[in-house]
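# Structure assessment
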Amino acid sequence: MMEKQKRVFTLRLVVVAIFLVIIFRLFHIQIIDNSYKEAADNNALRYEVQHPPRGEIYDRNGEFLAQSVASYDLMVTPREMSRDGFDTVTLCRIAGISKERLERELKRANNYSRRRASVIVKQMPIESKLLFDEGNYKGFHTVYRTQRSYPRKIAGSLLGYIGEVDDADIERDPYYRSGDYKGFSGIESAYEEVLRGVKGTKVQVVDVHGTVKESYKQGQYDTPLVPGVALTSSIDAELQAFGEELMEGKVGSIVAIEPSTGEILMMVSSPGYDPDQLVGRERGNNYMDLLNNPRRPLYNRAVMTRYPPGSTFKLVNGLIGLQEGVLVPSQKYPCHGGYTIGRGVKCHDHYSPLALEPAVATSCNAYFCYVLRNILDNPKYGSVKNGFDKWEEYVRSFGFGRKLGSDFLSEYGGYVPDREYYDKTYRGSWNSLTVISLAIGQGELGCSPLQMANLAAIVANRGYYYIPHVIKKIEGQDSLDMKYYEKHYTMVDSKHFDPIVQGMYDAVHTEGGTGRVADVPGLEVCGKTGTAQNPHGKDHSTFLSFAPRNNPKIAISVYVENGGFGSTVAAPIAGLIIEKYLTGSIERTWLVDQIKNTRISYPNYDRSR
Amino acid sequence: MIGAGSTKNNRADWLSVLVFIALMVIGWANIYAAVYDETATAGFAWGSQYGMQLIWICVSLLVAGVILLIDKIYIHQWTYPIYVVLFLLLLSTLVIGKEVNGAKAWLVLGPVSLQPAEFMKFGVSLALARYMSEYSFSLRNPSSLLGVGLLMALPMGVIMLQPDMGSAIVYCSFLVMFYREGLNEWVYYILCVVVGVFILSFFLTSSVLVLLLLLVCVVWQAIANRNPRESVIYLAAVLLISGALYFGMNYLLMKELTYYSALLWTIIPSLLPVAIYAFRERLYSIYAFMMLLVGAIFFSSAVDYVFNDMLAIHQQKRILDLLGIEQDTQNWGYNVNQSKIAIGSGGFSGKGFLEGTQTKYDFVPEQSTDFIFCTVGEEWGFVGTTIVLALFAVLILRLMRMGERQGEPFKRIYCYSVAGIFLFHVAINVGMTIGLLPVIGIPLPLFSYGGSSLLAFTVLFFVAVKLDSGEE
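The sections below set out a description of the structure shown in this document. (Residues numbered from 1 in each chain as written. Chains lettered and ligands numbered in written order. Predicted model: local features only at pLDDT ≥ 70, side-chain atom pairs only at ≥ 80, totals over all residues. Heavy atoms only, no water.)

## Notes on helix α15 (residues 365-376) of chain A
Residue and element names in this part refer to chain A.
- With twelve residues, α15 extends 17 Å from end C-alpha to end C-alpha; this agrees with the ideal 16 Å at 1.5 Å per step.
- In terms of residue burial, α15 counts as a mostly covered element, since nine of its twelve residues are buried.
- Every buried residue of α15 is listed here: Asn 365, Ala 366, Tyr 367, Phe 368, Cys 369, Val 371, Leu 372, Ile 375 and Leu 376.
- In this fold, the buried residues of α15 make contact with α13 (314-324), β13 (338-339), β14 (345-346), α14 (356-362) and α16 (384-397). (Helix = DSSP H or I, 4+ residues; strand = E, 2+ residues; numbered from the N terminus. Expected span 1.5 Å × (residues − 1). Buried < 20%, exposed > 50% of the residue type's maximum accessible area, 1.4 Å probe, protein only. Contact = heavy atoms within 4.5 Å.)

Right under this line is the structure:
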């Protein structure tokens, strides 16, 4: 009987033990281990990303520079495709791809996931989408995205282009996911965070087949999409288009600034490209073409190139001389074919001796050699090296040798040599004659066209500038970064600018002036030519100018590589642009044609092809 | 309500009847949730699974009422006819059965499909109760055992021919009842060893496994016979001799000999002195341990054969997946993985009725039948699963208690059979959904969709209640 009771007890114990084991296991998977909850969410929840339209970019008059238009990505979910095949020929035609490419993409999609959608073709225009909707392609669908469109087809490198993010971008900024787009240069890149907007998410519950069944918790966890913010650029589209037209066939740049605000009115980098080329199906091929073009159209010369400033730099030396008191406007210096002391600097033919104003107007080399030596050898500073330090300080106050802080991320800072540089080069033994070429803007000096335009703005303002910037207004914001509203004074007092301005006025308006061709009757154009020697062949033709003389509305720097004398190409371009901007029309249409038809040959670029 | 007509039998076990009905209701609610589709038009669909199941519940309750109304004596009298009729029905499936999921297990009678194997459990339970309660019956008597074997083997054989392994394995549940009736406990020890060796053979090398078996047998024996000193000496001797043999052969005689062989060459000859020792000391149980050890060693070397040649590929994969040796959540392990995800995602209190995304949106396969427990786990959480399991535990313990309440062996044997069947179904089914046991397709009583299973469990249970009722 004992045995029976023992067995009954054992059996009950076994029953209880079995249930306890099961409950313990349930406790583990339901309460302790969280991985099952995640797995369940992975199973049933789909996070559908909603891409915001990118912010649009307007010119200063409200005209579209860059628009966002609807585009569609063609997607495929392999397991939902019809097993009996489909009309591949029509689909390829609609999507604009070859049959091989379609097959390759389908295979790739299949390898990625049979249940989830993969992209087959990106950025199809709306016409393709409408055609696609007419057919019944099981397993395929389109997803709304936006893509850029450029109604004016101008300002390619200024606006920048859009491209897909790479792994490094995703690493750096967790906002991005594979397949997202971002701005790669120009405004698109500088204002990326404003333009891109905020992606939205929709959390949806799907069944085992991936079919959407409902919105998860009535959309409680959805995040709304925020469209990108529109920007108003300070660019004048008319002027920009005109500038690009004038620069056809030439390599170089035009930068125009409104002196009273620092707003960039135009920024031409030539050769340019049609920004629409970098959108849509042909983007890849076009991009490679542009990238391999030896004249480098993708490269924004206006802010990224280093040029010798040339004679336009004489303005700076003149101003420093006046401020330092080593030069008075009436001071005359002789010039017979150049400056003859030391290695010497040649000069062209003009009357002699002359005072400051005519020296500016005729761009006398010798005159500014005297001026520079007076600055550097000023006994006040004890030694030429100390004098040089002072000179360098002045030059930097004009925005040279450093980044101006504009809204171009790729801005080139330029180069102003310092004392250490010459100590190293000449092993400590150098004097004002050694560095004499600085007098005429040659030698080691390097600056970007943006810095030159800024110099024009400084002279126009008689002594100060606003940091040049290309964005006028960000929608929904009252102001830009405060740094753009701050006046930056040079170390030269306002009163010293008068003789320099007079010289620039005379250069355009008097017989023998170098900028005669820039004259537009009634507009009081002031200008200074430059003919910059450079190691790449023929001299660069440059012109620095502003107008009108009082209360200037536009300051401009034109740089035409290998264009020869400043007066031949750069000066007429500047004149035409000023005329166009201030009067809204062009009187001298013959000059426009002549400039447009001027083609300069660039053996140093084209040879490398 | 059920016992309305059984006024004179007031001693029926109303608590277990209540538990039974509760499980039935909860089970139905879960089928409703498992097949629930929000997008379907409103209204109650009789043709759907939950509609059909409700009809079956009504039928089952009707049958339960009838069982409670008839006189107990008839049950005893009709035992063999019931067995024979059910067996013939089962047999007929081999000829006129409808094949579902690879098994010819269904009889189609007009709109109703029945699975005779489900009812056969009832027939066998009754027949065993009748046969084993005869005065001449003894579990030690070979001819008696043969009778029991026949009563079970006949239906099992037919079910295996269908083939429906799950339903066949259920017959192991009678081991519960046999244990209560006094079947030699060595049967159970050997079963444990077989299962243990089978599992361990996947994880241990053969020599370690043999050493482990030796250790278990010797220690067990030492406890039983209270001879720890001799046992330790024996173990030490075996280790020493086998080690010496191994090193001697490999490093002195330069003959290659695995440690496994060295062990066998030590253990098998050692059995002779052990046998002499057992004879002299009159510790006869040592012979049983010797046989167990030899059998286990023999079985361990045969596991590979059993696994590779006697099991179908899907059975092999399910076992490998369970043991965590081979993870394949996309194919063989898909069901169990999804089932665990559904149950695990329920958390403490579950997602709420009709809120289970995993079951509602078909991530769990077979969710209204074999994997119905997932719905419980996902929508009602740990609280729900524990309550359901507690109800089952109460039901099973209650059935055992009914069996123990004074009365004739017929009732006791029958009640224990039913308790065993319930226990086995619940343990195997729930164990499978939470990855404790390999996937074996048997229903969860009162929960899984299917009329045959529901009706069969109702009959099984209410006959037990009836037999228990009205006793003095």
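Next comes the rest of the account.
## Some details on the interface of chain B and chain A
- With 47 residues of chain B at the interface, the matching set in chain A holds 31 residues.
- Together, Tyr179(B), Tyr361(B) and Phe382(B) form the three largest contributors to the area buried by chain B at its contact with chain A, with a combined 19%.
- Across the chain B-chain A interface, the total number found is zero salt bridges.
- Linking chain B to chain A there are nine residue pairs in polar contact (both at pLDDT 80 or more).
- Those elements that place two or more of their residues in the side of chain B that touches chain A are α7 (174-180), α14 (334-344), α15 (357-360), α16 (373-404) and α17 (409-433) of chain B.
- In terms of residues, the side of chain B that touches chain A owes the most to one element, α16(B), which gives 14 residues.
- Taken together, the residues of the side of chain B that touches chain A sort by class into 25 nonpolar, 13 polar and nine charged. (Buried area = accessible area lost by both parts, 1.4 Å probe. Salt bridge = Lys/Arg side-chain N within 4 Å of Asp/Glu carboxyl O. Polar contact = N/O pair within 3.5 Å; in protein donor to acceptor, adjacent residues only side chain to side chain. Nonpolar A, V, L, I, M, F, W, Y, C, P; charged D, E, K, R; others polar.)

## Section: the packing of helix α10 (residues 237-246) of chain A against helix α20 (residues 570-583) of chain A
All names here are of chain A.
- At a minimum axis distance of 10 Å, the contact between α10 and α20 shows a crossing angle of 155°. Judged by the angle between their axes, α10 and α20 are roughly antiparallel. Here the hand of the crossing between α10 and α20 comes out right-handed. Every residue of α20 that contacts α10 at Glu 238, Leu 239, Phe 242, Gly 243 and Leu 246 is listed here: Ile 573, Leu 576, Ile 577, Lys 580 and Tyr 581.
- Broken down by class, the residue content of the contact of α10 with α20 amounts to seven nonpolar, one polar and two charged. (Axes fitted to C-alpha atoms, helices over the stretch in contact; angles between N-to-C directions. Parallel < 35°, antiparallel > 145°, perpendicular 65-115°, else oblique. Left-handed = near helix turned anticlockwise from the far one by under 90°.)

## Structural notes on helix α12 (residues 285-310) of chain B
All names here are of chain B.
- Under the 1.5 Å per step criterion, the end-to-end length of α12 is only 33 Å for 26 residues, more than 12% shorter than the ideal 38 Å.
- Along its length, α12 reaches its greatest deviation from straightness, about 45°, at Ala 302.
- Among all positions of α12, only Ile 286, Phe 289, Met 290, Leu 292, Leu 293, Ala 296, Ile 297, Phe 299, Ser 300, Val 303 and Phe 307 are buried.
- On its buried face, α12 is in contact with α8 (185-200), α9 (206-225), α11 (259-281) and α13 (313-322). (Bend = angle between axes of the 7 residues up to and from the residue.)

## Some remarks on the packing of aromatic side chains
- For the structure on display, the rule yields 47 aromatic pairs over all chains.
- Judged by centre distance (6.3 Å) and plane angle (50°), the rings of Phe198(B) and Phe307(B) are tilted. You can see Phe198(B) sitting in helix α8 and its partner Phe307(B) sitting in helix α12, a full 109 residues away along the chain.
- For the ring pair Phe353(B) and Trp380(B), a centre distance of 6.0 Å and an interplane angle of 25° mean the geometry is stacked. Of this pair, Phe353(B) sits in the loop between α14 and α15 while Trp380(B) is found in helix α16, placing the two residues 27 residues apart along the sequence.
- Every member of this aromatic cluster is reached through a ring pair, and the members are Phe313(A), Phe388(A), Trp391(A), Phe400(A), Tyr415(A), Tyr421(A), Tyr422(A) and Tyr426(A).
- A cation sits over an aromatic face here: Arg7(A) above Tyr179(B), 4.3 Å from the ring centre.
- Geometry around Tyr175(A) places Lys199(A) over its ring, the cationic atom sitting 4.7 Å from the centre. (Phe/Tyr/Trp six-rings, centres within 6.5 Å; stacked < 30°, edge-to-face > 60°. Lys NZ or Arg CZ within 6 Å of the ring centre and 35° of its normal.)

Purely spatial values, then, with no claim about function.
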